[in-house]
Each structure stands twice: as structure tokens, then as C-alpha cells.
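# Structure at a glance
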Amino acid sequence: MAVLDIKNLTVDFPGRKSVFVAVNDVSLSIEAGKILGVVGESGAGKSTVGNAVIGLLQEPGRIAAGEIDLNGVRIDALNDKSKRKLRGRRIGMIFQDPLTSLDPLQTVEAQLVETIRTHLPLSAKAARDRAVELIGAVGIANPHERIRQYPHQFSGGMRQRVVIALALCAEPELVIADEPTTALDVSIQAQILDLMKSLCTERNVAMLVITHDMGVIADITDHVAVMYQGNLVEYGATAQVLGRPQHAYTKSLISAVPRPDVRVDRFPSIDYIEKDRTPQRQIDIATHWLGKARAYDRAGGPLVSVRELDMQFETRASILPSRRRSFQAVRKVSFDIAEGETFGLVGESGSGKSTIARLITGLYQPSGGSITFAGTELTSLGKRRDILAMRRQMQMIFQDPYSSLNARMRVKDIVAEPIRFHRLASDRSEVRQIVEDLLDHVGLGAAAGRKFPHEFSVGQRQRISIARALATRPRFLICDEPTSALDVSIQAQILNLLKDLQAELGLTMLFISHDLAVVRQMCDRIGVMRNGELCEVAETDQLFEAPRHPYTSELLSLMPSMELLSRETPADP
Amino acid sequence: MILFAARRLFQALIVMLVVSFLAFTMFRFVGDPINQMVGIETSLEDRAALRESLGLNDPMPLQFARFVAGALRFDFGTSYQFRQPVADLFAKRIPATLELSLTSALFALVIGVPMGIHAGLKRESALSKLFMSLSLVGISLPTFFIGILLIFLFSVTLQWLPSFGRGDTVQIGSWWTTGFLTVSGLKALILPSITLGLYQMTLIMRLIRAEMMEVIRSDYIKFARARGLPDRIVHFRHALKNTLVPVVTITGLQLGSIVAFATITETVFQWPGMGLLFLHAVQNVDIPIMSAYLMLTALLFVTINFIVDLLYFLIDPRLRVGRP
Amino acid sequence: MAQQPSRNDGVSGAVAAFLDHDLVHAFLRSRITVIAAIFTLVLIGAAFLAPWIAPHDPFDLASISIMDARVPPVWMEYADPRFLIGTDDQGRDLLSGIMYGMRISLIVGFCSVVAAAAIGITLGLIAGYCGGKVDALIMRIADVQLTFPAILIALLIDGVANGIVGGLDREVYAFYILIVAMALSFWVQYARTVRGSTMVEKNKEYVQAARVIGLPAPVIMVRHILPNVMGPVLVIATINLALAIVTESSLSFLGVGMPPTQPSLGTLIAIGNDFLYSGEWWIAIFPGLALALLVLNVNLLGDWLRDALNPKLRG
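Report on the accompanying structure. Everything numeric here is computed off the predicted structure, so don't read it as measured data.

## A short note on the overall build of chain B
Looking only at helices and strands, one finds 13 helices and two strands in chain B. Taking the principal axes of the C-alpha coordinates as reference, chain B spans close to 85 × 65 × 35 Å. Across the 324 residues in chain B, those meeting the buried criterion constitute 51%. Considering only intrachain contacts with a sequence separation of at least 6, the fraction spanning at least 24 residues in chain B is 71%.

Structure below.
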């Protein structure tokens, strides 16, 4: 019999103007010892399913229809008190961000013991023994000592283990994990997924894993449910759904996932998910403003040349030099980027890859080493006018589509600002014309200029960022995790756009990402970074097929296997 | 811990030094001290002699050093109005102000904290809404007007409580006088301490409510609920303790400012404290009293801040225990 | 991503969109706020139109007679129908006095809030954006000042200024001294808030994008950061207007603010306080109630604005 049985669940949020249906007629079930994955992009309603099961829907959400059964007993209609008794006791929950999930003022022991004693009739001593045992079971060494520590004394991955221990306190029948590894690095993610999988089998717990990540689904789930805008579009055994998807949405979603093992020139574009794309008017690059003044004198040799770059951040300031502490973010890094090439930098968080981008653009001043751009050493430039001339040639696209646009400016002013500032157009009407052309060219349509950034979706915002970066007619474009905040389908579109622009304008690119699969699709050569050092630089195919540095091999081995995923590209409609 | 305390103490000393420099500047440059000290009929020679004997012709750093050295011995010079040592004037009035402030602070905490907790946890309840409305009125009524209303109601109309003074006091030790030990002293304390404490009480209540509401939204509270912990544990063990960190800081500052706000209350109730003394000094440009008052309140604030920092240290393990 | 309602152009569309805006909607839905806004407007109107609508001119010595002194409100014995809520100790009509007094209180309040905000925003932006030693210097000054309540600082500045100006000029300069004293005691709050928000905004990617474009720091501060930190400033300014009016009236009550020749509400209450014990309560109580009403309504507006602009607290 199924541990969890959801029948025709509908959840809606009555609002001021209309009722928003977040989950529409969804039916799912999980057996003991099995993992069900719910996958979908943002707005699919997948988290709402989890919150409905545990009875913690956000106001004003409500279950409008359907029922939820736990081991054959209906639980959705219980009163608040009985629902609370289920939580922790029979249903455990794991949240996304381990850094904020634990009370910072209580020891791990206190939080475990209070949870155990709330649900189980144990003495303080017995509860403590159980807490120690649990901490050991989730793979934390020295449980007797570490249990007495406070959350801030644990690393992110270790904290997520504590969160898992807390979810397992009272031997629940069902565990709900909402994006359990999204906030973690690849290597930690692999460990946590292994732990969840083994705990699930050992303790015969049913698990509901909610994620946007096809890799997580392929790695640990037995069954998968694909959701799209509140609807369940496909549901079945994981191998079946990923290998031979039936529904058009599933097919397009799977085809948009970048693969580490193959390289495609373009991601297939499917009408099913490309709805926010307005028909674009193509401009002729050869005659347009954007294509002009591209005849930079090619000095020969690399366009960008980084030598022995060092960067230290002071983490503790003090008058006494002996008490100062600093953090070496970048250590003796050297590489070249040839004209017209796309160079990739990969690494986990804190590896120093974004710092390098900020050093090249001059947002930070390096502690040592040199950066040469088109034959000119940037650190030696003194005059403001010379610096500006260099700045104009390099632009950057940022990670966060929300904060990278000034919310108080209209889109046309955001795009026009660099043109006006660098006096790249002769009069106002020309500026207006260029802005409209740029917005058209990145696929937004000229009318977008009158709106404010908040009126756009994340993908569209990233297009605005790209238009702004193009507005100085740059020669070198730095993309710092440009798609890591995007859903896979939007990511595919943005990556396509970047590829197109590079081909048209002959741009040189520095592409920074934590995602090896994305880097493989985009880059000609790749550098692997770890703890501020550059481990290895190689041609893309060579790096993936014959990595030389052990850390590169390790990273490659930790990548979720995508072998289950269908290779079929959906036929063009 | 010791390092932390030492650093805070050092910062406190710097603040005191800056404040004493301000007080000294005020003392030395606002008006001519000599003109204030002597009568119109004093001859120029006598004035010059006095100037020399007071050391007003010495280099400024020396004068400042002398000023600080004097302040350390509680020697703030002679009042222009009263022709008495400033220290004696303050010694007589400090007990009155401290007793009033202490009572008001207790009143503000004992009533304000539970009200704030309730309003933060049960945002929609009728009682919370009543508290919030009352607090808005409390924040909008200026302290002196609250005092006038209370006097009008309880002293003039009902004639229950006295409207001015401390009542009978009892001497303890060589200079401390207390109103806590006599019936008339206690009665005289009621209206002024309510007047003084009401504003702080509303502030503390609103602060706790706001912090509570913020903490309740945090992930660890959601996770605590998702673990099925009873409301009692979620609210008091997790939410309240996390609320305390910012609340202790600001409450400390508020309690310190009670002493400063006492100036107004003391004026309304003719309470013989140092606020009243200070106010008369401001009205009559009696600079030595003003600068002494500035230094004394600064000392008080710095002490309270120091205690608050230590409390902070006890509450928050992130300050106490380092990362491994 | 929530779907945006399509907006048609044109005036009616703009009006509809305005009424549809969440902030406006929340405003119209909160009945207390609407009432508070109406009250505030009526009070401000009464104060600024005082020369035209007040029943008497309290500054016209010819029309004042000491014979009319301390006349009670009309519903009491010995009242005079000319004076709706009675007269003060010099025979001035209390209602007119309150209207003129409120005008002075409001002007002083507004001016000091604007001055304090100007100082605070400028220093806060510079401290937050530049960081380092500039920041440390400005914030240390702010920290030291913050340990003293505003009223104490205003009192000290007032005392010192009076010491410097002295004597008869005191009445002439009282207005300016008050504004300077209050601006210098209230700027810290703006500076701290703006600095905090600026430090958050500075690290956002749109500011980095502006730097990558090459824009100079003052342009980035004024054009990019300033509009994004104005929300909290607006809230503080509203709440501080209430606080400034209270502080001004407290100072005047203590006898170091506005002189009796240019009475603000606080001055009127101070005058009335002397007659409380002899039964002429209205001279103090009515100006006090007017003051409380004004401050309460401004506070209500400020409270609502804070909740409306803080999306975290929207339930």
C-alpha cells in the first residue's frame, strides 16, 4: 500500500482580483522505501504540493478539492492540532537553505532533543543518546562532541546533514525534501543525495523530493512527476519518463537540459516553452550602428592576457599588522584569451572565478599581477579618458536578473545610459533609434523600452542586461553565471542568444559558470579553478575526455549522470 | 571574552574623551567665563588676575588636560548662577533623578515587554489591536502634555496625588536621599514615573512586536513548525530568544534616554533632580552646569552601552564561540 | 512571475491603473488611514489659512483687551460667544491662537525635517558608497551622537546658541536656532538608514553594471542609488515630522524654543500650565489636544506608509 496517496489535489490562492490556481487536479502516490521526484520550472506549483501535504500552506492558500492520505488515513481535513502532531512525527521536512533553517542561538543538541521529546516518550538521557546516534547516522564524525556545537560552527553541507537528522528524529513514514541540494556545491550535493538515498532504503521511508534539477531526478528518484503551471503533465517510472518522454512539455524540457557528454551547436527551440519571445525584427549588422567601428586594430596575440594575478581581501582590519587577517581569493592566475574565442572558467563557490571577472572589468583593484587588454596593460593606465576608452570595449552580464537592473529606471533609459555617457551617438533621435534596434535584436521588441524592469520575466530581464552590455559596442563580453538563476528552458534561449551575438559581432567572451554542462556547450577552451588557483586549462573536448588534473576528474565524476535522459530532439513543429 | 570587553572599554574611553572635549570647548568658548564669574564693578586688573589664577592664559592642551583631570575628580568648577561648586549641586539632585528613572524604566519594561510579545505573536487578536492603538496614542502625546493631563486629572480634579516635588525623603549614608521609604515619597513618585515611562513603554512594545514579526517569518521558525514542535516551544524558546538580540540593544539605549527625558518630566512636576538643574542652566547660560551634565549623561550612556554589549555576548553564541 | 494586467494608454487608463496600484488600493482600504489623511489635511489647511479664516488676529494688539482675559469656553458659565473655546491670560482668542500656533509648529517641523534629511542623506550616501575611512569617521560621529537623545542635543545646541547670540536677539533668531538644533539632532537616523541601504544597493549588480559602463561615482550615487534608497527615507521623514513637532513643542514648553511673542503650540501650553491649578484648564488643555491630534494623524500616516512600503510585512 502506498504511504502517501494524493488524489485529485487542487490548491488555490484567492486574491484580490482573481483566484490563482497553484496546483490543479494532481494525483500522486509513493511506496515505502521509494523516492518520488516532482520536477518543474518556477511557477509549476511543485513546492505547493509539498506544503499542502505537511499542512503549511502560505496564507491565503487552501486545498480547494481532492484528498491526501497517509497510510490510508485522510490527513488534509484534520484540525490544526492533529496536523501539528503529524509534522515531525509522521512526516519529516527538509528545506532548501541549511544556513537559515537552524536556530542560530541553540545548540544542535538542544534542537534535536526538543524535537525528539516532543514526539517520543523518552527521558532526557535517552533522547540525548538518540540525538547522538542520529548525528552519527547522517555521517557527521565525532557526534558526541559536535552535537554540543552551535549551527554556525558547521559548514553548509554539514548543516544540511543536521537538518536531515532533525527530519528523521521520530522515524517518520514520509520525508518531504524541498530543493534539498539547490544551495549546495556540486561535490556536497552528490554526498547529500547519496545520504538521502541510503537513509531512504535503510529506514524504509517514503520520500518526496521537489526539485527543478533534472540531474537530481535522474540520480536518486524511482518515480517522477513532471509539473507545468500547476498541472501534472507526465508521471511514471523515472527511467521511462526521462528516456521516452511522451508529453511535448517533458520532451522540450529534457532537450533543453545541457549535457556534459555531448555538445550541440544550438539548443532546439520549441514553441511550447518559448512563449515570452516576441517576433523579432532582425537588423543588418553589417550596416547598422552596432556593427560599425568594429575594426579594432588587431595587435596580434591574445586580446586578454592575465599574468600572475593575485587578489587578497582583508577579512579583519587591525592597526597591528600581525592581527590582520586576509583571504586570498585569487592566487597567481595566468591565462590568455584569443580574439573571437569563448573562454570558460568553472569552479565551485568561493573558487575565485567571479573575482577574476571583477578584476578584469576594474571593479576590484588587483593586489598583484597584470591584466593586458589589446596590448595595453590596464593597471598602468592613469588618465581617466584612457581608462574609459578601455572600459567601453569590455562589458559584463551579471547573474541575478532581479538586482542587475535599476528598478527605478525605464528600460529605454537603462539601455541608453552607456550610449549617452560615452557619446556614441550624434543626437537624441539616433540614441532612441539605436535603443529600439537593440531591444528588437535581443528579442524583446522596441515597445519594451517604455516599461520598467519589474514588468518583465526573469528571462526577459536577462535580455535587457544583454542589450545594455551591447550598447557600448563592446569587443569583449564577460558573462558571470548569466543563466544560473534561470529555468532550463529560459537558459537554453539565453545561451542561444549569446551564441548568435558572438557569431554576428565576432565578440570575444569570458564565460563563468559552476555548471560544467553549460560550459561545455558554450566554450572553446576552459579553465578549472579551485581555492583561487587555476588547476588546468584545456580545449573543451580534451578537458571532458581526458582531464589532466585530479580535481577536474573529481568534478567530472560528481556530475549527475544524464545517461537516462532521452537524446531525441523534438521534431520541429 | 576579555579581549572583547577590553575593546569595548577602549571605545567607551574614546567616546568619553570626545564628549569631554566638547564639554571643554563649550565651557571655554561660549561666552567669557570671567564675565560670568565677576560683577560689573570688578576692575580690569582684578579680572586679569583672576584670569591668570584660573589658568585661562595657559596653552589650550594644558587647559584641556586640567579640565579632564578636574572632571575625573568630579570637579566641574563653580556654577555661574548659584556660586556653588557644580559637583555639590549635582550630588544633591542625582538621587532624585535616578530614583525617578529607575521606577519609570521598571514600569516601561514590566508592562511593555509582555504587551509587545502578545502583539507580535497574535497579530490579529482584538487585544493586540487595542495595544497598537494605545501605543500610537502614547507615542503621539508629548511627554509634557501627558504630565499636564495626569496632574489635571489626579491632582487638580480628584486631588489624589501630589502634583509637584518628591514628598518626604529619608537620608541614607552621607548624601543619598530616598523617597522610596515614605508614603508621601511613594505617592509623589507615581505620576512622574508614569509620565516618564509611558513613551518608553510604547517604544519597547512596538519594537518587540516588530522584531517578533520579523523572526516569525524566518526559515528556522518555519522549520521548527515543520518538525511539529508545539507553539509554546516555537514562540518562547526559538522566537523570543532570537528577538532578544536586537531588543536588548535598543532597550538599553531607551533606558539611557529616560534620564535625558527626565528633564521634561522634572520640569512639569517640579521634581528636584538634575534635569531641572540642567534646564535652568540652559535658560540662564550657566555653562559649567551644562558641561557637567553633558559629561555625566555621557558616562551613564557609555556604562549602559557597555553592559548591553556584554549581555549581547552572553545571548549570542556566534560572538562567543568561534568557528572551528 | 505574476502576470501583469494589460494597461491601455490614455488618461482613463492611467487613472484606472493608478487606482488599481496596490499602494493606492491598500490606502483606500485602510479606513483609519483615509480618516487620518483627511484630518491632517484639515489641520494643515486650518494652520496655513489662519490669517484668512481665524476668527481673531492674536497679534493685533488693538483688538486684544486684557478685559477678555481667561474667558472660559462657550459651554461654561461666564463665557463670551465671541470666543468659542475661551481666551488665554492676555485676552487672546484661544482658537485663533491655536491655528496660528499650529502654523508655527508645522513650519518649524517641516523645515527641520527637510534640513535633517538633506544632511543625513548626503552623509549617508557618501559613507555607504565610499566606505573605508570616510565611512568610519561619519559613522563614529553618528554613533557618539546617537547615544544622546535628540531632545538633549537640541537643548544643548539651543543653550549654546543662546549663549552666543544672547539677550534681545534671542527672539529674532529663536526660529533659526530651533531648526538648526533639530536638524543637527535628527540627521543621524537618515544617515544610518541611507548608509545601510546604500551598502546593500552598492553590491547589487545594477550598480556594478553602472561602474562597468564607466559612470563616475557621483552620477552613480545620485542617479542610481538615491532613487532606490528613498523609500525608507520617506517613512522616516513622515515619522520624524511627528517627532519634530513634539520636540519643538517640548523645547518651547521648556522655555527655550519659540518665545511668547511668536507662540507655537508648545509655548501656548507652557503659558496655560501656570493657570491649570486656578481652574482655567482650557488654556493648556486645548492647545495640547490640538498638538496631540496633529501628531497622532501624522504618525498614523507614517505607520501606514511604513507597512505599505515594506513588502515583507504585507500579509
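## Some remarks on unusual backbone geometry
Even without glycine at this site, R473 of chain A takes up a positive phi of about 50 degrees. The residue R473 of chain A is located in the loop between helix 15 (458-470) and strand 17 (476-480) in this model. For R473 of chain A, a relative accessible area of 10% corresponds to the buried category. Of note in the backbone geometry, Q270 of chain B takes a positive phi value of approximately 45 degrees without being a glycine.

## Brief notes about the interface of chain C and chain A
The interface is formed by 20 residues belonging to chain C together with 32 residues belonging to chain A. Roughly 2,400 Å² of surface becomes buried between chain C and chain A when both sides are summed, with 53% attributable to carbon and sulfur atoms. Linking chain C with chain A are one salt bridge, by the criterion used here. Between R223 of chain C and E417 of chain A there is a salt bridge whose closest N-O contact spans 2.6 Å. Inspection of the region where chain C meets chain A yields 12 residue pairs in polar contact (both at pLDDT 80 or more). Of all elements in the fold, only helix 2 (22-29), helix 9 (205-213) and helix 10 (217-253) of chain C reach the threshold of two or more residues within the side of chain C that touches chain A.

## What to know about a nonpolar patch on the surface
On the surface, F10, I14, V18 and L22 of chain B cluster together into a nonpolar patch covering about 380 Å² of accessible area. As for its placement among the helices and strands, I14 of chain B is situated in helix 1 (residues 2-29).

## Considerations on the interface of chain C and chain B
Contacts between the two partners involve 41 residues from chain C and, on the opposite side, 43 residues from chain B. The junction of chain C with chain B conceals about 3,800 Å² of combined surface from both sides, 78% of it contributed by carbon and sulfur atoms. Counting the contacts that link chain C with chain B gives zero salt bridges. If you look at where chain C meets chain B, you find one residue pair in polar contact (both at pLDDT 80 or more). Those elements giving two or more residues to the side of chain C that touches chain B turn out to be helix 7 (150-165), helix 10, helix 11 (265-273) and helix 12 (282-309) of chain C. A total of 12 residues in the side of chain C that touches chain B trace back to one element, the largest contributor, which is helix 12 of chain C. Residue composition of the side of chain C that touches chain B, grouped by class: 27 nonpolar, 10 polar and four charged.

## A short note on a positive patch on the surface
Taken together, the side chains of R410, K412, R428, R432, R450 and K451 of chain A make up a positively charged region of the molecular surface. When you line up the elements, R432 of chain A lands in helix 14 (residues 428-441).

## Points about the environment of A239 of chain B
Residue and element names in this part refer to chain B. Mapped onto the secondary structure, A239 falls in helix 10 (residues 231-269). Separated by 21 residues in the primary sequence, A239 and S218 place their C-alpha atoms 9.3 Å from one another. Beyond its immediate chain neighbours, meaning those up to four positions away, A239 contacts M212, V215, I216, I221 and V234.

## With respect to helix 15 of chain A
With 13 residues, helix 15 of chain A should cover 18 Å at 1.5 Å per step; its first-to-last C-alpha distance of 19 Å lies within 8% of that length. Counting buried positions along helix 15 of chain A gives 13 out of 13 residues, so the element sits mostly inside the fold.

## Concerning the packing of helix 3 (residues 31-48) of chain C against helix 12 of chain C
Residues and elements named next belong to chain C. Axis separation between helix 3 and helix 12 bottoms out at 9 Å; the angle between their running directions is 135 degrees. One finds that helix 3 runs oblique with respect to helix 12. Seen from above, helix 3 lies across helix 12 with left-handed handedness. Where helix 3 approaches helix 12, its residues I32, T33, A36, A37, F39, T40 and L43 are matched on the opposing element by L293, L294, N297, V298, L300, L301 and W304. Here the residues of the contact of helix 3 with helix 12 are counted per class, giving 11 nonpolar, three polar and no charged.

How each quantity is defined
- Residues numbered from 1 in each chain as written.
- Chains lettered and ligands numbered in written order.
- Predicted model: local features only at pLDDT ≥ 70, side-chain atom pairs only at ≥ 80, totals over all residues.
- Heavy atoms only, no water.
- Helix = DSSP H or I, 4+ residues; strand = E, 2+ residues; numbered from the N terminus.
- Buried < 20%, exposed > 50% of the residue type's maximum accessible area, 1.4 Å probe, protein only.
- Contact = heavy atoms within 4.5 Å.
- Buried area = accessible area lost by both parts, 1.4 Å probe.
- Salt bridge = Lys/Arg side-chain N within 4 Å of Asp/Glu carboxyl O.
- Polar contact = N/O pair within 3.5 Å; in protein donor to acceptor, adjacent residues only side chain to side chain.
- Patch = residues over 30% accessible without salt bridge, like charges linked within 9 Å, V, L, I, M, F, W, Y side chains within 5 Å.
- Areas by Shrake-Rupley, 256 points an atom, 1.4 Å probe, with all protein chains shown as cover.
- Nonpolar A, V, L, I, M, F, W, Y, C, P; charged D, E, K, R; others polar.
- Lys, Arg positive; Asp, Glu negative; His and termini not counted.
- Charge placed at Lys NZ, Arg CZ, Asp CG, Glu CD.
- Expected span 1.5 Å × (residues − 1).
- Axes fitted to C-alpha atoms, helices over the stretch in contact; angles between N-to-C directions.
- Parallel < 35°, antiparallel > 145°, perpendicular 65-115°, else oblique.
- Left-handed = near helix turned anticlockwise from the far one by under 90°.

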